[in-house]
Amino acid sequence: MSMRHRHGEFHRLSRIGWLRAAVLGANDGIVSTASLLVGVASAARAEPGDIMIAGVAGLVAGAMSMAAGEYVSVRSQADSEEAELAMESRELQDDPDGEHRELAEIYVRRGLDRELAQRVATELMAHDALEAHARDELGLSVTLAARPLQAAAASAISFASGAILPIIAAGLSSRSLVTPITIGVSLLALGILGAISARMAGAPIGRSVTRVLFWGALAMGITAGVGRLFGVAA
């Protein structure tokens with residue numbers, strides 16, 4: 001029987017990490033690529049080939065940038081976690097009694113009486129002392145451990161998945177309709193993305209959709225203005 005059926009509750013906190021990364025990646029892919037396409041298309045001298053090259057280049061550059069940034073960030077987190085675990089392992093070897101008292105004190109502060117806290121600390125340290133201290137002293141767990149390559153790949157894929165939509169829209173449009181069709185398809189995709197993410201996170205759908213549509217439209221509007229300004233001036 002699932003946890004949902006046993007308790008009548010369904011918590012979404014376990015989704016927050018991957019949901020946030022996926023939504024941010026896809027949102028960035030849509031907004032940045034659509035803005036780039038619209039900016040180039042708004043230039044008076046831009047040809048259809050120029051627009052598509054800009055879109056594909058934006059997809060590749062954005063996906064690689066997302067992957068690289070996520071890898072560096074999560075790798076730094078992983079390095080910090082490994083250093084903390086190495087230090088904790090040394091402390092367990094050098095002063096196991098002191099580490100036992102420290103763990104028991106953590107459980108006392110969480111509400112257990114001292115005798116029970118000491119028994120719990122003894123049992124957990126007998127099973128896996130480092131795991132117990134990593135989880136309850138350092139706040140680390142296997143489920144939430146940093147995985148740099150996985151994070152980099154997920155960011156790149158989510159960005160590319162979002163970026164491909166405005167590129168397809170631009171590629172299937174005539175030169176005169178590239179800008180309105182790309183903007184329309186991109187805003188529709190952003191609205192759907194906002195609704196899905198809000199639904200999965202249990203947040204108000206209307207507020208989420210309004211937020212992503214506002215910022216997406218603002219970004220595309222500004223880049224369209226820049227493209228028109230410099231395109232006419234060229």
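### Observations concerning the nonpolar core
Membership of the largest hydrophobic core comes to 15 residues, with the highest contact counts inside it found for Leu37, Ile51 and Val178. Broken down by secondary-structure element, the contributors of at least two residues to this core are helix 2 (16–41), helix 3 (48–94) and helix 6 (148–171). Counting residues per element, this core draws most heavily on helix 6, which supplies six residues. Dropping the residues within four chain positions of it, Ile51 is found in contact with Leu37, Val40, Ala41, Ala46, Arg175 and Val178.

### Let's talk about a nonpolar patch on the surface
On the surface, Ile164, Leu165, Ile168, Leu172, Leu177, Ile181 and Val185 cluster together into a nonpolar patch covering about 580 Å² of accessible area. Those elements that place two or more of their residues in the nonpolar patch are helix 6 and helix 7 (178–201). The leading source of residues in the nonpolar patch is helix 6, at three residues. The topology assignment puts Leu172 in the loop between helix 6 and helix 7.

### Brief notes about the environment of Ser32
For Ser32, the position within the fold is in helix 2. Polar side-chain contacts of Ser32 include one of 2.5 Å to the backbone oxygen of Asp28.

### Observations regarding the side chain of Thr33
Along the polypeptide, Thr33 turns up in helix 2. Under the relative-accessibility criterion, Thr33 is labelled buried at 1%. In this structure Thr33 touches Asp28, Gly55, Leu59, Phe159, Ala163, Pro166 and Ile167, once residues within four positions along its chain are discounted.

### As for the pattern of salt bridges
Applying the stated rule across the entire model yields two salt bridges. One salt bridge connects Arg114 with Glu105, and the closest N-O pair in it is separated by 2.9 Å. Taking relative accessible area as the criterion, Glu105 reaches 28% and is therefore assigned partly exposed. With a closest N to O distance of 3.4 Å, Glu115 and Arg119 form a salt bridge. Of this pair, Glu115 and Arg119 both sit in helix 5 (residues 114–136), four residues apart, which is roughly one turn of that helix. Residue class for Glu115 comes out exposed when judged on its relative accessible area of 54%.

Here is what the cut-offs are and how they apply
Residues numbered from 1 in each chain as written. Predicted model: local features only at pLDDT ≥ 70, side-chain atom pairs only at ≥ 80, totals over all residues. Heavy atoms only, no water. Core = buried A, V, L, I, M, F, W, Y, C linked by side-chain atoms within 4.5 Å. Buried < 20%, exposed > 50% of the residue type's maximum accessible area, 1.4 Å probe, protein only. Helix = DSSP H or I, 4+ residues; strand = E, 2+ residues; numbered from the N terminus. Contact = heavy atoms within 4.5 Å. Patch = residues over 30% accessible without salt bridge, like charges linked within 9 Å, V, L, I, M, F, W, Y side chains within 5 Å. Areas by Shrake-Rupley, 256 points an atom, 1.4 Å probe, with all protein chains shown as cover. Salt bridge = Lys/Arg side-chain N within 4 Å of Asp/Glu carboxyl O. Polar contact = N/O pair within 3.5 Å; in protein donor to acceptor, adjacent residues only side chain to side chain.

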